[in-house]
Amino acid sequence: MKTTLRIRNLEELNWMEFRRIVPKKTDAVLVPVGTIEAHGVTGLGTDNQVPASICDRVADKVNALIAPGVNYGITKSLLPYPGSVTVLPDTFERYVSEVAFGLADAGFRRIILVNGHGGNTEALKNVSLRLFREKKVYSAVVDWWALCAEEIKQVYGHVGGHAGTDETAMVQVAHPGDVRRQDYSKGLAFTVQPGLAAVPFPGSIILYKQDEGYPDFDPAKAGKLMDAVCAKVEQTILDVFHRWSRIR
């Protein structure tokens, strides 16, 4: 049965409300994770804004609370760009582990790390394994752009790039004021090339295939992508939850 909660954001609950909700009404929590780094003409917080927006849209449908996000991650080749920030990989992994362990101790038995930044992925997978080994809590890492690659292709005809088609579209829906179209030029983009590694990366928009992945500022397509991404994330989480229920 669907559970209706007035508040889904954990930080907005008082401790008495939390006690009434967890784990009786839900033992699931979504944790947005990202970083601060250059993203072409979208904000430095793009990798935080997108997973947070996804969580806001799916939490009710998967009956989960939303924890405050982890907004500083592992920034690498874009670190030299003004405003970009990083933490060391071992610091990041330890911190996210302690946050997740704290959520487990608070009563959550299903923790979904909704990730907005590829540089975080391996560390988050390690956190997920530790959650079961040390807390016997089930968890999953969702890299939204990889999970939804087919949805991106269906809307745009190709996959996006860093700060390219997909990320720019998602920010355009969730935080339209943070898309500075007047600053855009194709010269901001650079295509990944085998045999080349550069710091800083030669473009703050990173394409993975030549001439594919440039930002597309069509609001109708952007809205269609947001809907498709959230539907895929929702469907995936519900399927995972259902299959987990067979294991316990």
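Computed from a prediction, not measured in an experiment: that's the story for all the values here.

## Quick word on the sheet that holds strand 3 (residues 110-115)
Spatially, four strands are ordered 2-1-3-4 in an open sheet, and the strand pairing comes out parallel. Either end of the sheet is taken by a strand with one partner, and the two such strands are strand 2 (65-66) and strand 4 (138-143). Relative to strand 3, strand 1 (residues 28-33) runs parallel, the two being bridged by six bridges. From the neighbouring strand, P32 faces strand 3, where its bridge partner is V114.

## Side note on the packing of helix 3 (residues 89-105) against helix 4 (residues 121-135)
For the pair helix 3 and helix 4, the least separation of the axes is 9 Å and the interaxial angle reads 40°. By the angle between their axes, helix 3 is oblique relative to helix 4. For the pair helix 3 and helix 4, the crossing hand works out as right-handed. On helix 4, the residues that touch F92, E93, V96, S97, A100, F101, A104 and D105 of helix 3 are A123, L124, N126, V127, R130, L131, E134 and K135. Here the residues of the contact of helix 3 with helix 4 are counted per class, giving nine nonpolar, two polar and five charged.

## A word on the packing of aromatic side chains
Enumeration over the complete set of coordinates arrives at seven aromatic pairs. Aromatic side chains F132 and Y138 sit 6.1 Å apart centroid to centroid with 50° between the ring planes, which places their arrangement in the tilted category. Residue class for F132 comes out partly exposed when judged on its relative accessible area of 39%. A residue is classified by how much of its surface remains accessible, and Y138, at 12% relative accessible area, is buried.

Procedures and definitions
- Residues numbered from 1 in each chain as written.
- Predicted model: local features only at pLDDT ≥ 70, side-chain atom pairs only at ≥ 80, totals over all residues.
- Heavy atoms only, no water.
- Pairing = 2+ DSSP bridges.
- Helix = DSSP H or I, 4+ residues; strand = E, 2+ residues; numbered from the N terminus.
- Axes fitted to C-alpha atoms, helices over the stretch in contact; angles between N-to-C directions.
- Parallel < 35°, antiparallel > 145°, perpendicular 65-115°, else oblique.
- Left-handed = near helix turned anticlockwise from the far one by under 90°.
- Contact = heavy atoms within 4.5 Å.
- Nonpolar A, V, L, I, M, F, W, Y, C, P; charged D, E, K, R; others polar.
- Phe/Tyr/Trp six-rings, centres within 6.5 Å; stacked < 30°, edge-to-face > 60°.
- Buried < 20%, exposed > 50% of the residue type's maximum accessible area, 1.4 Å probe, protein only.

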